[in-house]
Every structure is written in C-alpha cells, then in structure tokens.
Amino acid sequence: LIEAIPEEALAAHADPEDLDGDGISGRLAMVGDAAGRFGWKATTATIREQTAVAFSHDMGLSTSVRPSLWGDCTTSQAECREAFHGEDNGGPEIAEALLDLVVFYSANLAVPARRDMDAPEVLAGKELFYDVGCTGCHVPKFATAPDAEPEQRNQLIWPYSDFLLHDLGPELADANPSGDRQGGEWRTQPLWGIGLTEIINGHTYLLHDGRARSLEEAILWHGGEAEASRGAFAALSAADREALITFLESL
C-alpha cells in the first residue's frame, strides 16, 4: 500500500524551504528518479529493492537486484569477501522465483486492525494528536493510485506518515549519512500497527537505535522540525498525555 501511494501525493506534503513558515521542511528522499519510501532514511523506493537489501545486508545473500556475494562487507574486509558463499552455477544465492515470492508476500501483508478506535479516551487522544501538531509529519491518510496493482489500487489508507525526510535534530542524529541524507534526517515512521509493538516484538524499544523504551520516550526524543510538537506534548497535563498515548496504542 505504501508503494501504491502516487509520488505526486507525497510531493504535495514536501516543503524543503519551509515556505509556509511552520518550522516543518520535509523533503522527498529520491532514489534515482523515484521517491524513496522504505528504510529509516527512505533509501529504497520499492519493496523489491528493500527485500534485496535485507537479503544482502542482513543475511549476506545475493539476488539479481544485489548480486554481490558478500553482502555489505567492504573492500577492507578481505576475509569476509573470500569466505564460503552459496552461489550455484553462477546464479544468485536467492533464485528469482524465491525473490518474487518474498516480495509478493511482503506486498500483500494486511494492515493491523485498529483496536478500541471509538473509545472516548482514544477519540480524545486523537484530537490532542492533531492539536499538538503531530500530523505535520505523521500525515494520517493517503489514497492509493488507481493504476496500482489490483490488490492495492483505489484504497484510502491511514499510515500516519508523509514518508518524507525530516531533520529531527542533533540528539537523534547518527554518524552514518547515506547519500544526501544527513545524520539527523529520518523518514517519518508510519504509526499504523505501533500499538502492537510489544505483542509482536516482545519489547517496546523504539526509534532507529531502540533508545526509547516507550511511546512517550520516543516523542520526547523528537527535536529539530518536531521540537514544537514535542514541547506541546510535554506541556500537556498527565491525563492528556496518557490519552494521546492511548490513541497511538490503538493504531
């Protein structure tokens, strides 16, 4: 569904020069001539590429998309590059048919169902989510393209992300810029399903390095373009902060 969002719909939310003066200056993360949508810094534009990167960097397995047999081992890591590889008769370690199946599976995973979405505290928290400005980056909804794959076309989806790059300040920056992505720039994380993090993962370690141990901590780490919203959240009463978190847990 993310891949099925028209690129022009993403571009409509970009404001790299902050022309509207709201302090939020998201920009499209380009991968060649396409908009990046996946990964912490939106470094891949398609599920196929993201899958191939995972096979390569996480498992050291080659595909037709990422044919190197040594994953992300650098030229300085000679032993890694010379180690045993599973290449068979000159073909990649992951056959094309297997890559196709994994991509198809990933592309057709269902969105987690909302829970308690009409509960009074959830609705109150949703209003506060809007009031403190979270939707400046966590854009609630998009319509998928009419010419997308039949399973994904013409759907109203609620990912709560603009899929743009935003500078979240020096405290969240890492030392690994990627291409033109700076250390403090991150793709807005989609929030759908975030309330199931502990059930699925067995923990609530959030943000790119797991430093936040709760949704509240994750919000309070936001800086840069999100500093105003972070400050507005921090200024809420304890009851209102709890209501906003309850809304997020319903996603």
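Residues numbered from 1 in each chain as written. Predicted model: local features only at pLDDT ≥ 70, side-chain atom pairs only at ≥ 80, totals over all residues. Heavy atoms only, no water.

Enquirer: I would appreciate a short explanation of helix α5 (residues 120-131) in the present structure.
Expert: Because an α-helix completes one turn every 3.6 residues, residues spaced three or four positions apart along the sequence face the same direction. The terminal C-alpha atoms of α5 lie 17 Å apart, and with 12 residues this matches the ideal 16 Å at 1.5 Å per residue to within 8%. A positive backbone phi angle near 95° is found at G133, which sits one or two residues after α5. (Helix = DSSP H or I, 4+ residues; strand = E, 2+ residues; numbered from the N terminus. Expected span 1.5 Å × (residues − 1).)

Enquirer: Where do I start with the environment of I2 in this structure?
Expert: Position of I2 among the secondary structure elements: in the segment before α1 (7-11). You can call I2 buried: its relative accessible area is 14%. Here the alpha-carbon distance between I2 and Q152, two residues 150 residues apart in the chain, equals 9.2 Å. Contact partners of I2, with chain neighbours within four places excluded, come to R37, F38, F163 and W192. (Buried < 20%, exposed > 50% of the residue type's maximum accessible area, 1.4 Å probe, protein only. Contact = heavy atoms within 4.5 Å.)

Enquirer: What should I look at first to understand the packing of aromatic side chains in this one?
Expert: Note on aromatic pairs: each is described by the distance of the centres and the angle between the planes. Using the criterion set out here, one finds six aromatic pairs in the structure. If you follow R211 out to its NZ or CZ, it ends over the ring of W221, 4.5 Å from the centre. For R213, the ring lying beneath its charged end belongs to Y205, and the centroid distance is 4.2 Å. (Phe/Tyr/Trp six-rings, centres within 6.5 Å; stacked < 30°, edge-to-face > 60°. Lys NZ or Arg CZ within 6 Å of the ring centre and 35° of its normal.)

Enquirer: Would you mind going over the nonpolar core with me for this structure?
Expert: Soluble globular proteins: nonpolar side chains tend toward being buried together. Membership of the largest hydrophobic core comes to 21 residues, with the highest contact counts inside it found for F129, L191, L244, F247 and L248. Considering every element that reaches this core, the biggest residue donor is helix α9 (residues 238-249), with five residues. Every residue in contact with F247, bar those within four places of it in the chain, is listed here: R114, V122, G125, K126, F129 and Y160. By size, the runner-up hydrophobic cluster in this structure holds 16 residues, among which are I5, L28, I47 and L164. (Core = buried A, V, L, I, M, F, W, Y, C linked by side-chain atoms within 4.5 Å.)

Enquirer: Got a minute to help me understand the state of the cysteines in this structure?
Expert: Defined simply, a disulfide is a covalent bond joining two cysteines at their sulfur atoms. As enumerated under the stated definition, the model contains one disulfide in all. The side chain of C73 participates in a disulfide bridge whose partner is C80; the two sulfur atoms lie 1.7 Å from each other. Residues C73 and C80 are joined through a disulfide that is right-handed, its torsion about the S-S bond being 45°. On the accessibility criterion, C73 (13% relative accessible area) is buried. We classify C80 as partly exposed; its relative accessible area is 28%. (Disulfide = S-S within 2.5 Å.)

Enquirer: Could you clarify how one ought to interpret the pattern of salt bridges in this entry?
Expert: Side chains bearing opposite charge may pair, as long as their charged atoms lie close to each other. Across all of its chains, the model carries 10 salt bridges by this definition. Notably, a salt bridge pairs D180 with R181, separated by 3.2 Å at the nearest N-O pair. In this structure R181 comes out as buried when scored by relative accessible area, which is 5%. In this structure, R230 and E227 form a salt bridge, with 3.8 Å as the shortest nitrogen-oxygen distance. With a gap of three residues between them, R230 and E227 both fall in helix α8 (residues 227-234), about one helical turn apart. Taking relative accessible area as the criterion, E227 reaches 45% and is therefore assigned partly exposed. (Salt bridge = Lys/Arg side-chain N within 4 Å of Asp/Glu carboxyl O.)

Enquirer: Sorry, what's going on with helix α2 (residues 47-59) here?
Expert: With 13 residues, α2 extends 17 Å between its outermost C-alpha atoms, agreeing within 8% with the 18 Å of an ideal straight helix rising 1.5 Å per residue. Buried residues of α2: I47, E49, T51, A52, V53, F55 and S56, and no others. Buried positions along α2 lie against α4 (96-107). In the segment just after α2, G60 is the residue with positive phi, at about 70°.

Enquirer: Would you mind showing me how to read the packing of α2 against α4 here?
Expert: Packed helices, taken two at a time, are described by the angle between their axes plus the distance between the axes. In contact at an axis separation of 9 Å, α2 and α4 are set at 120° when each is read in the N-to-C sense. As α2 runs across α4, the sense of the crossing is right-handed. Judged by residue contacts, I47, R48, T51 and F55 of α2 engage E96, L99, D100, V102, V103, S106 and A107 from α4. Looking at side-chain class alone, the contact of α2 with α4 contains six nonpolar, two polar and three charged residues. (Axes fitted to C-alpha atoms, helices over the stretch in contact; angles between N-to-C directions. Left-handed = near helix turned anticlockwise from the far one by under 90°. Nonpolar A, V, L, I, M, F, W, Y, C, P; charged D, E, K, R; others polar.)

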